[in-house]
Each structure stands twice: as C-alpha cells, then as structure tokens.
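Geometric and topological summary
Residues per chain, in single letters:
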Amino acid sequence: MTEFFNSFESVFLKLEWLNGFIEYLLCLLNIDTKSAFGSALNFFFYDVIKISIFLLVLIFTISYIQSYFPPHKTKDIISKFKGVKANILAALLGTVTPFCSCSSIPLFIGFTAAGVRTGVTFSFLISSPMVDLGSLVILSSVFGFKIAAIYVVSGIVIAVLGGMFIQRMNMDRYIEDFIKNAAFNSSEFAKPTQIDRLVYSKNQMLSTYKKTIVYIMAGVAIGAFIHNCIPENFVSDILGGSNPFSVILSTIVGIPMYADIFGTIPIAEALLAKGASLGTVLSFMMAVTTLSLPSMLMLKKAIKMPLLAMFVAICTIGIIISGYLFNAIELYLL
C-alpha cells in the first residue's frame, strides 16, 4: 500500500516525469542542466507547467462545486447548525471557494448581507484564502501529502477558533452599516442548469488563471533565483531552525506581499531546499495568502478598524503558532 501511494504521489502529484522530460528537452538544446543557468531554467519551466496543470484542473473543479453554494444557499445550510458546528461548516465551505482573500471578501459581504452570524462569516473569511482543495493538491505535489494535510487542518482550526472568538467578543457592531442593511433577496438567484455550471466553471478557470499566471511566474522566478543563486548558509542562518525568531520574521515579511498560494509555493519550495525550516516557509505562505495589504485595504471598506485589527491579530497569532508547531514536528514529516 505504501509503495502504491509513493508511486501515485510521484507520478500524479509531484509529476516527476515532467521534470525529466523538461531536462531532456534542455539537453537537446545543448543546455547543461547541471549548471546554475540550466538548473534555474529546469526549475522555472517545471514549476510553471506543473502548477499551471494543477491550477486549471482545480479551478474548474472547485468553481463547479462552488456553483452549488451561492450565498443564500450557504446561509440556509449554515443556519441549520449552531455554535462551533456552524463555524466548522463555514471553514469547510471556505475550502471550496476562491484562492485569494481579495476574491473571498465579496463572498464574505454577501454572507453578511444574507444574515449569517459575524463569527461564522469570519471563519469562512479566514479559511477561504488560507486553505482550499487546491492548496491540498499543490502542497502534496511539493511537500508530500502528510504536510499538506496538516497544513489544511491547521488552517481550518485557526478559522474555527478565530471565528468563535470574534463571535464571543460581540464584534457585530463593527460591521459597516451599509453591509448590515444591504437588501438580500434569495429569489434573485435562479437555479443554474448543468450547462450554466460548466460555462461558469470554464469562465472562472480562464479568468482566474489569467490573473494568477503573473504571480505564478514571478514566484517561480524568485524560487529559481533562490534555488540557484542564494547561498545555503545564508538562508539557513536566517530562516533555519537555529533562529528562534524565523517564524515571526517570515510571517511579518509575508503580510505586506500580495499573491496567492500558487505563487508562494515555488518560493517556499526553494527556501526549504536551501535550509529554511518547514514551519517558517509555511508561515510565510499563510501570511501572504491571508493577510496581504491589498486585501486588508478592501476589507477595511466593509468593517471598522477594531474588528479589522482583531482579524489581523487572530490570523497572525494563529499563523505563528502553526509555524512553531510545524518546526517542532518537522523531523517526523520530512
């Protein structure tokens, strides 16, 4: 069973055959793949093509699933649950929604207008950019299934606990009035046909890929540079396990950046190969995807500063704790 899983991971998740094929093509062009330049080219083309394949398939699949969960239907589903069960359900629904926080915020506003409780909507808002089905597959292709699964579970735990804390603190008064008073009429939503769902999924796939490919290529280019040009000792000294503040540093560095998980994975992969600790690179990924400055500016239009500050603090603390947890169990995962 273990041998079968390893073979499946190699062929279908890590696409190791693709790496060999690209190396073969570069050799045909008389490019030495052992040189810094050749190795960087191999890294770049392999990661861009691999991530693009997964991204196109995953966006289409997740968009199709998402077509079954418009805001009014989500409200109906969540309203059947109370307490922590509602937060867990919202966090799980966040895993089948868009890939970055900027695209999650409009859905968050829609859920709020639909009457979903504030703490539950924040469980969704935290979960949606931080973890999704795409991250599970892509992370599995780079770090292996065990690490990917723990990453997703930790993100869901942060989302559930964060949403529950916000609800307990009665932060509803910090939602902007125009959001709370927005009219919401579920009759406006007609049930789509299967053709409608497929067309919607195709359009979402193409639209999201066009927006994302720039970040993917930039992330892979940075990863290729780190992989081939940055000394290993330099990375390990700053971001390795010997630096007790590496997780905090990577989280702070990641917050001002804007990218999705597909653009950050190549950077994380290169940093890990150079000696950065596992929790450090995963904290960086979580911070970039969840707390990017553009998404915080967008969220500021929907909620008031005390709630925004609490949201940022909850996510930051959760990300840092997760990073140190990953570092503590790294030897058992790699």
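Keep in mind that what you see is a predicted model, and the values were worked out from it rather than measured.

1. Thoughts on the side chain of Thr 121
Turning to its location among the elements, Thr 121 is positioned in helix H7 (residues 118–130). Looking at Thr 121, its side chain comes within polar contact range of the main-chain oxygen of Thr 118, at 2.7 Å. For Thr 121, the contacting residues outside a window of four places in its chain are Phe 108, Phe 111, Thr 112 and Val 116.

2. Points about the packing of helix H9 (residues 145–168) against helix H15 (residues 278–290)
In contact at an axis separation of 12 Å, H9 and H15 are set at 50 degrees when each is read in the N-to-C sense. Regarding the angle of H9 to H15, the classification is oblique. Two packed elements cross with a definite hand, and for H9 against H15 that hand is right-handed. In contact with Ile 147, Tyr 151, Ser 154 and Gly 155 of H9, H15 contributes Leu 278, Leu 282, Met 285 and Met 286. For the contact of H9 with H15, a count of residues per class yields six nonpolar, two polar and no charged.

3. Topic: the confidence of the model for the chain
On average, residues of the chain carry a pLDDT of 81, and 87% of them reach 70 or more. Mean pLDDT values over the elements of the chain span from 58, in helix H1 (residues 2–13), up to 92, in helix H17 (residues 305–328).

4. Quick word on the environment of Gly 240
With respect to the secondary-structure elements, Gly 240 resides in the loop between helix H12 (232–239) and helix H13 (246–254). Separated by 34 residues in sequence, Gly 240 and Lys 274 have C-alpha atoms that sit 9.1 Å apart. Sequence-distant contacts of Gly 240, that is, excluding residues within four places in its chain, are made with Val 235, Ser 246, Gly 275, Ala 276 and Ser 277.

5. Observations concerning the side chain of Thr 280
Within the secondary structure, Thr 280 sits in helix H15. A residue is classified by how much of its surface remains accessible, and Thr 280, at 1% relative accessible area, is buried. In contact with Thr 280, other than residues within four places in its own chain, are Leu 239, Ser 246, Val 247, Ser 250 and Asn 327.

6. Considerations on a nonpolar patch on the surface
Residues Val 84, Ile 88, Leu 92, Val 153, Val 157, Leu 161 and Met 164 make up a contiguous nonpolar surface patch of about 550 Å² in total accessible area. Among the secondary structure elements, those contributing two or more residues to the nonpolar patch are helix H5 (84–93) and H9. The dominant element in the nonpolar patch, judged by the number of residues it contributes, is H9, at four residues. Take Ile 88: it is sitting in helix H5.

7. Thoughts on unusual backbone geometry
One non-glycine residue, Asn 30, adopts positive backbone phi at about 60 degrees. By the secondary structure assignment, Asn 30 is in the loop between helix H2 (16–28) and helix H3 (36–66). On the basis of relative accessible area, Asn 30 is assigned to the exposed category, the value being 74%. Phi is positive for Asn 170, close to 55 degrees, though the residue is something other than glycine.

8. Here's the deal with the nonpolar core
In this structure, Phe 122, Phe 143, Tyr 151, Leu 282, Ile 303 and Phe 311 are the most contacted members of the largest nonpolar core, which totals 77 residues. It is H3 that contributes the most residues to this core, 11 residues altogether. Sequence-distant contacts of Phe 122, that is, excluding residues within four places in its chain, are made with Phe 108, Gly 163, Ile 166, Ile 175, Ile 303, Leu 307 and Phe 311. The next biggest cluster of nonpolar side chains, apart from the first, holds 10 residues, and it includes Ala 86, Leu 93, Leu 107 and Val 116.

How each quantity is defined
- Numbers given for residues are sequential positions, taken from 1 along each chain in its written order.
- Given that the model is predicted, a residue must reach a pLDDT of at least 70 before its local features are reported, and side-chain atom pairs must reach 80 or more before they are shown or counted; all residues, however, enter totals for whole chains, interfaces and linings.
- Heavy atoms from the whole structure form the basis of all side-chain values; hydrogens and water molecules are not counted.
- Helix numbers and strand numbers start at the N terminus; a helix is a DSSP run of H or I with at least 4 residues, a strand a run of E with at least 2.
- Counted as a polar contact is a pair of N or O atoms within 3.5 Å, where, for protein atoms, one must be capable of donating a hydrogen and the other of accepting one, and residues adjacent in sequence contribute only when both atoms are in side chains.
- Contacts are assigned to residue pairs with any non-hydrogen atoms lying within 4.5 Å of each other.
- Orientation is described by axes fitted as lines to C-alpha atoms, over the contacting stretch for helices, and by angles from 0 to 180 degrees between their N-to-C directions.
- Each angle receives one of four descriptions, namely roughly parallel if under 35 degrees, roughly antiparallel if over 145, roughly perpendicular if within 65 to 115, and oblique otherwise.
- Here a crossing is called left-handed whenever its near helix is offset anticlockwise from the far helix by less than a right angle, and right-handed whenever the offset is clockwise.
- Gly counts as polar in this scheme, as do all residues outside two lists: the nonpolar Ala, Val, Leu, Ile, Met, Phe, Trp, Tyr, Cys and Pro, and the charged Asp, Glu, Lys and Arg.
- In predicted models, pLDDT denotes the confidence assigned by the predictor to each residue on a 0 to 100 scale.
- When accessible area is computed with a 1.4 Å probe and restricted to protein chains, residues below 20% of their type maximum are described as buried, those above 50% as exposed, and intermediate ones as partly exposed.
- Here the term patch refers to residues with relative accessible area over 30% and no salt bridge, with like charges joined within 9 Å and nonpolar side chains (Val, Leu, Ile, Met, Phe, Trp, Tyr) within 5 Å.
- For the accessible areas, the method is Shrake-Rupley and the probe is 1.4 Å, while residue cover comes only from the protein chains on display.
- Note on definitions: salt bridges are taken to be side-chain nitrogens of Lys or Arg within 4 Å of carboxyl oxygens of Asp or Glu.
- Among buried residues, the Ala, Val, Leu, Ile, Met, Phe, Trp, Tyr and Cys ones that are joined through side-chain atoms within 4.5 Å form a nonpolar core.

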